[in-house]
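Spelled out from the first residue to the last, the chains are:
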Amino acid sequence: MSLETIELIKNNKIAIIRLNRPKLLNAVNEQLVWDFQDATNDVKDDNDIKVVILTGSGRGFSAGADLSERKASWKGSEDALIRGYKPFFENIINMPQPVIGSIAGPAAGIGAAIAMSCDLRIMSDDSYIMSVFSNIALVPDGGLSWYLPKYMGYSKAYEYAIEAKKIPAKECLDYGIANKVVSLEELESSTLKWAEKLAKRSSQSLNHTKKLMRESLQVGYWDTFHNEAKIQNELTTSPQNKEAVKAFFEKREPNFD
C-alpha cells in the first residue's frame, strides 16, 4: 500500500500510524485524509495486530487543517467532514484494537479531535490539546464539541473552545484526557513499552471491553449490563479464558499467542 503522507509500520503485533508532514506540523490536507482512511482500514482488518499507536512525525502531533491548501476536491466543509474525515474517525472508534494516541507538541483543531478519538493518550510534558477553531470564526468539529464537555464539563469546555485556550499536558492529566505524561525524550519509548505490555494481554478482553465502554457512552445502565452478560457468556470457557485460568493456578503469565 502506497501512502504519501502517513507512515504505517507493523511489528510484534503493534501497528504504528504516523502522520508524516513534519515540515507543516502534520497539518491535515486532502491527501492525508485519504491516506488516513487507507491506513486505518488496513489496520482494523488485520487480525495479527493487537494494539495501534497513532502519532505524528517531528515536533508535533498535528497543527490541524492545512489552511494553505487551495485545490482540494471538497464541496464545502460538510462534504470534507462526512466524506473525508468521518470514515477514519469511524475506523479509530470501531476498530477492535485499542488505539494509543502518542502526542508531542500541538494537537490543535482537527488534530485535537484526532487525539481525542483515540482510546488512550500518552502526552509529552510540553504538549497540549487546543480547540483553535474560534480563532478563525469557526466551531469545533471532528467530534471535539462532544469530547471536551465529557472530560472537562460544559462550562470549562466552552471557555477553552471559545477562547482557543491550550489545555497543557498537566491539565489534560488532571481532566483525565491524558492517561500518562512523560518527558519528550521518553515519549516514544514509553509509548512502545505501553503498547507491548497491552499486546501481551488477551485480545478478546481488550477488544470487547473497548466495544462495551464505547457503547456505554450512548446507552443506559441496563443496556450495558445485558450486553456485558451476552459477551461474557461467549467468552467464558473460550481458549483465552481457559489459558488465563490455567496460568492463574500455575502462578505464571498467560500466553495468548
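Figured I'd write up the structure that's included with this text. (Residues numbered from 1 in each chain as written. Predicted model: local features only at pLDDT ≥ 70, side-chain atom pairs only at ≥ 80, totals over all residues. Heavy atoms only, no water.)

**Focus: helix H1 (residues 30–44)**
This is how the line gets drawn: Numbering goes from the N terminus for both helices and strands, where a helix is a DSSP run of H or I of at least four residues and a strand is a run of E of at least two. A helix is expected to span 1.5 Å multiplied by its residue count minus one. Note on classification: 1.4 Å probe, protein chains only; a residue is buried when its accessible area is under 20% of the maximum for its type, exposed when over 50%, partly exposed between these limits. Whether two residues are in contact is decided by their heavy atoms: any pair within 4.5 Å suffices.
Along its 15 residues, H1 runs 21 Å from first to last C-alpha, staying within 8% of the 21 Å computed at 1.5 Å per residue. For H1, every residue scored as buried is listed here: Glu30, Leu32, Val33, Asp35, Phe36, Gln37, Ala39, Thr40 and Val43. Among the structural elements, strand E1 (6–11), strand E2 (14–19), strand E3 (51–56), helix H2 (77–94) and helix H3 (110–117) are those in contact with the buried residues of H1.

**Looking at the layout of surface pockets**
Going by this rule: With a 1 Å grid spanning the protein atoms alone, the term cavity applies to any set of points in which a 1.4 Å probe fits but cannot get out, the term pocket to an open set with protein on both sides within 12 Å along at least five of seven lines, and the term lining residue to any residue with an atom within 4 Å of a point. Grid points are joined across faces, edges and corners, and a volume is the space filled by probe spheres set on the points. Polar here means any residue outside two lists: the nonpolar Ala, Val, Leu, Ile, Met, Phe, Trp, Tyr, Cys and Pro, and the charged Asp, Glu, Lys and Arg; Gly therefore counts as polar.
A volume near 860 Å³ is recorded for the largest pocket. Those elements that place two or more of their residues in the lining of the largest pocket are strand E6 (120–124), helix H4 (144–152), helix H8 (203–216), helix H9 (221–235) and helix H10 (239–249). Examining the composition of the lining of the largest pocket, we find that ten residues originate from one element, H8, more than from any other. Class assignment for the residues of the lining of the largest pocket results in 17 nonpolar, twelve polar and seven charged. What the second largest pocket holds in volume is close to 640 Å³. Lining the second largest pocket are 25 residues, and of these Ala65, Leu67, Ser77, Tyr85 and Leu138 sit closest to its centre. Among the elements that line the lining of the second largest pocket, the one with the most residues is H2, at four residues. Here the residues of the lining of the second largest pocket sort into 15 nonpolar, six polar and four charged.

**Some words on the pairing of E3**
To keep things clear, this is the line we draw: The rule for pairing is simple: two strands pair if DSSP sees at least two bridges between them.
Where burial is concerned, most of E3 is hidden: six out of the six residues are buried. The two faces of E3 match: Val51, Ile53 and Thr55 on one face and Val52, Leu54 and Gly56 on the other face are all buried. Pairing of E2 with E3 involves six bridges; the strand directions are parallel. Across the sheet, residue isoleucine 16 finds its bridge partner in E3, namely isoleucine 53.

**Section: the pattern of salt bridges**
The criterion, for reference: We count a salt bridge whenever a side-chain nitrogen from Lys or Arg sits within 4 Å of a carboxyl oxygen from Asp or Glu.
This structure, assessed with the given rule, holds 15 salt bridges. Via salt bridges that share partners, Lys10, Asp42 and Asp46 belong to a single interconnected network.

**As for the environment of glutamate 253**
Of note, glutamate 253 is situated in the segment after H10. Accessibility expressed as a relative area gives 68% for glutamate 253, which makes it exposed. As for glutamate 253 and glutamate 243, which are separated by ten residues in sequence, their C-alpha atoms are 9.6 Å apart.

**Examining the sheet that holds strand E8 (residues 166–168)**
We count it as follows: Between N-to-C directions, angles cover 0 to 180 degrees, with each direction set by a line fitted to C-alpha atoms, over the stretch in contact for helices.
Pairing is mixed in the open sheet, where three strands are placed in the order E5-E7-E8. Where the open sheet ends on each side, the last strands, each with one partner, are strand E5 (106–108) and E8. Ignoring which end each strand starts from, the neighbouring axes of this sheet average 20° apart. As paired strands, strand E7 (residues 128–130) and E8 are joined by three bridges and run antiparallel to one another. The residue of E8 that forms the bridge with tyrosine 128 is proline 168.

**What to know about the sheet that holds strand E9 (residues 180–182)**
Reading across the sheet, the six strands line up as E1-E2-E3-E4-E6-E9 and stay open at both edges, with mixed pairing between neighbours. Either end of the sheet is taken by a strand with one partner, and the two such strands are E1 and E9. Recorded for the sheet is a direction-independent mean angle of 20° between the axes of neighbouring strands. Strand direction decides the pairing type here: E1 and E2, joined by six bridges, are antiparallel. Looking at E2, one finds that lysine 10 is bridged to alanine 15. Along the sheet, helix H7 (residues 184–199) makes contact with E2, E3, strand E4 (99–103), E6 and E9, crossing E6 at roughly 160°.

**Concerning the pairing of E2**
Our working rule: The path from the first strand over the helix to the second decides the hand: if it runs clockwise while the strands point away from the viewer, the crossover is right-handed.
Extensive coverage of E2 is indicated by the burial of six of its six residues. Burial of E2 is two-sided: the residues Ile14, Ile16 and Arg18 facing one way and the residues Ala15, Ile17 and Leu19 facing the other way are all buried. In sequence, E1 turns back onto E2 through a hairpin of two residues, with asparagine 12 there showing a positive phi of about 55°. Crossover E2 to E3 through H1 is right-handed.

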